[in-house]
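# A structural walkthrough
Here is what each chain is made of, one letter per residue.
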Amino acid sequence: MGLEAQETMGRPVAEVSNTFTKIPDCLLAATSICNTETGVVVGVSSNDKNVYAKMFASYKFHSAAGREYFESQDVVADLLGLERKTVASSVKKFVQLGVVTTKIVYKNGIRHTYYVFDDISKNSNILFVKRFTTRTLVDGKVEVENTPFYYRPVEADGTQLAMLNKRTKSVGSIQSRQ
């Protein structure tokens, strides 16, 4: 589940396993994520979403085989075309949200960080936020309204989402498109 270096015509070529990494739609659409239990809110970028999805997929793979998940942030960065500090920043956000925990172990004087992931799409404490920006022309001036839309998956299959309207504080439900 990583990169294997080879050389072709004198240049390094990386081979990547032919697997797929799923990103839950609730995470894909989010511009920020809130842990309703702790009150922590973090903004999420496309890079953050990719890092979470890749590392969560690796975690599930290793967990299914009965192993702890350890993967160098450098390897994740290389695979996703990011810098290591970007991966570290992304992991830190998900640790702050409480969906990733780390365990530090020293073996032969070398520090190893093991990751334990919670499925963010099934965590009842996680509320996803999508911001919509509307621009309207009023009396010759452009007015901008930035409206948050709060949602969380309710069903394990993701077919129904809970919706929280910030203005009315009411909870409703919507059906996702198939």
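Reference entry: report on the structure contained in this document. (Residues numbered from 1 in each chain as written. Predicted model: local features only at pLDDT ≥ 70, side-chain atom pairs only at ≥ 80, totals over all residues. Heavy atoms only, no water.)

### Some words on unusual backbone geometry
- The phi angle at Asn108 is positive, at roughly 55 degrees, despite the residue not being glycine.
- Among the structural elements, Asn108 can be located in the loop between β5 (100-107) and β6 (110-117).
- Looking at Asn108, the relative accessible area reads 81%, which means it is exposed.
- Phi is positive for Asp139, which is not a glycine, with a value near 50 degrees.
- For Asp139, the position within the fold is in the loop between β7 (126-138) and β8 (141-153). (Helix = DSSP H or I, 4+ residues; strand = E, 2+ residues; numbered from the N terminus. Buried < 20%, exposed > 50% of the residue type's maximum accessible area, 1.4 Å probe, protein only.)

### Considerations on the packing of aromatic side chains
- Under the defined criterion, the tally for this structure stands at 9 aromatic pairs.
- With centroids separated by 4.9 Å and ring planes inclined at 40 degrees, the aromatic side chains of Tyr52 and Phe94 adopt a geometry described as tilted. Of the two residues, Tyr52 is situated in helix α2 (residues 46-64) and Phe94 in helix α4 (residues 84-97); the sequence distance between them amounts to 42 residues. No difference in accessibility class separates Tyr52 from Phe94, as the two residues are buried.
- Measuring from ring centre to ring centre gives 5.7 Å for Tyr59 and Phe117, while their planes differ by 40 degrees; the resulting arrangement is tilted. (Phe/Tyr/Trp six-rings, centres within 6.5 Å; stacked < 30°, edge-to-face > 60°.)

### What about the packing of α2 against α4?
- Running from amino to carboxyl end, α2 crosses α4 at an angle of 80 degrees, the nearest separation of the two axes being 9 Å. When the axis of α2 is compared with that of α4, the two are roughly perpendicular. Along its contact with α2, which presents Asn47, Asp48, Val51, Tyr52 and Met55, the element α4 presents Thr86, Val87, Ser90, Val91, Lys93 and Phe94.
- A class-by-class count of the residues in the contact of α2 with α4 yields 6 nonpolar, 3 polar and 2 charged. (Axes fitted to C-alpha atoms, helices over the stretch in contact; angles between N-to-C directions. Parallel < 35°, antiparallel > 145°, perpendicular 65-115°, else oblique. Contact = heavy atoms within 4.5 Å. Nonpolar A, V, L, I, M, F, W, Y, C, P; charged D, E, K, R; others polar.)

### Some words on helix α3 (residues 73-80)
- The complete set of buried residues in α3 reads Gln73, Val76 and Ala77. Looking straight down α3, one finds its buried side chains confined to an arc of 100 degrees; they lie on one side.
- Next to the buried residues of α3 lie α2, α4 and β6.
- The opening residue of α3 is Ser72, an N-cap whose side-chain oxygen sits 3.0 Å from the backbone nitrogen of Asp74.
- Downstream of α3 by one or two residues, Gly81 has phi in the positive range, about 70 degrees. (Arc of directions from axis to C-beta. Polar contact = N/O pair within 3.5 Å; in protein donor to acceptor, adjacent residues only side chain to side chain.)

### Focus: the pairing of β5
- Here 8 bridges tie β5 to β6, and the two strands are oriented antiparallel to one another. Following the sheet pairing, Val105 is matched in β6 by His112.
- Here β5 folds back onto β6 in antiparallel fashion, the turn holding 2 residues, of which Asn108 has a positive phi close to 55 degrees. (Pairing = 2+ DSSP bridges.)

### Quick look at α4
- Between its first and last C-alpha atoms α4 spans 20 Å; for 14 residues at 1.5 Å apiece the expected length is 20 Å, and the two agree.
- Looking at the residues trailing α4, positive phi occurs at Gly98, about 90 degrees. (Expected span 1.5 Å × (residues − 1).)

### Notes on the nonpolar core
- Within the largest apolar cluster, 27 residues are counted, with the highest numbers of intra-cluster contacts made by Ile33, Phe94, Phe117, Ile120 and Phe128.
- For this core, the elements supplying multiple residues, two or more each, are α1 (25-29), α2, α3, α4, β6 and β7.
- With 5 residues, α2 is the single largest residue contributor to this core.
- If we ignore the near neighbours within four places in the chain, the residues touching Phe94 are Ile33, Val44, Asp48, Tyr52, Val99, Val100 and Ile120. (Core = buried A, V, L, I, M, F, W, Y, C linked by side-chain atoms within 4.5 Å.)

Function cannot be inferred from these measures alone, as they are strictly geometric.
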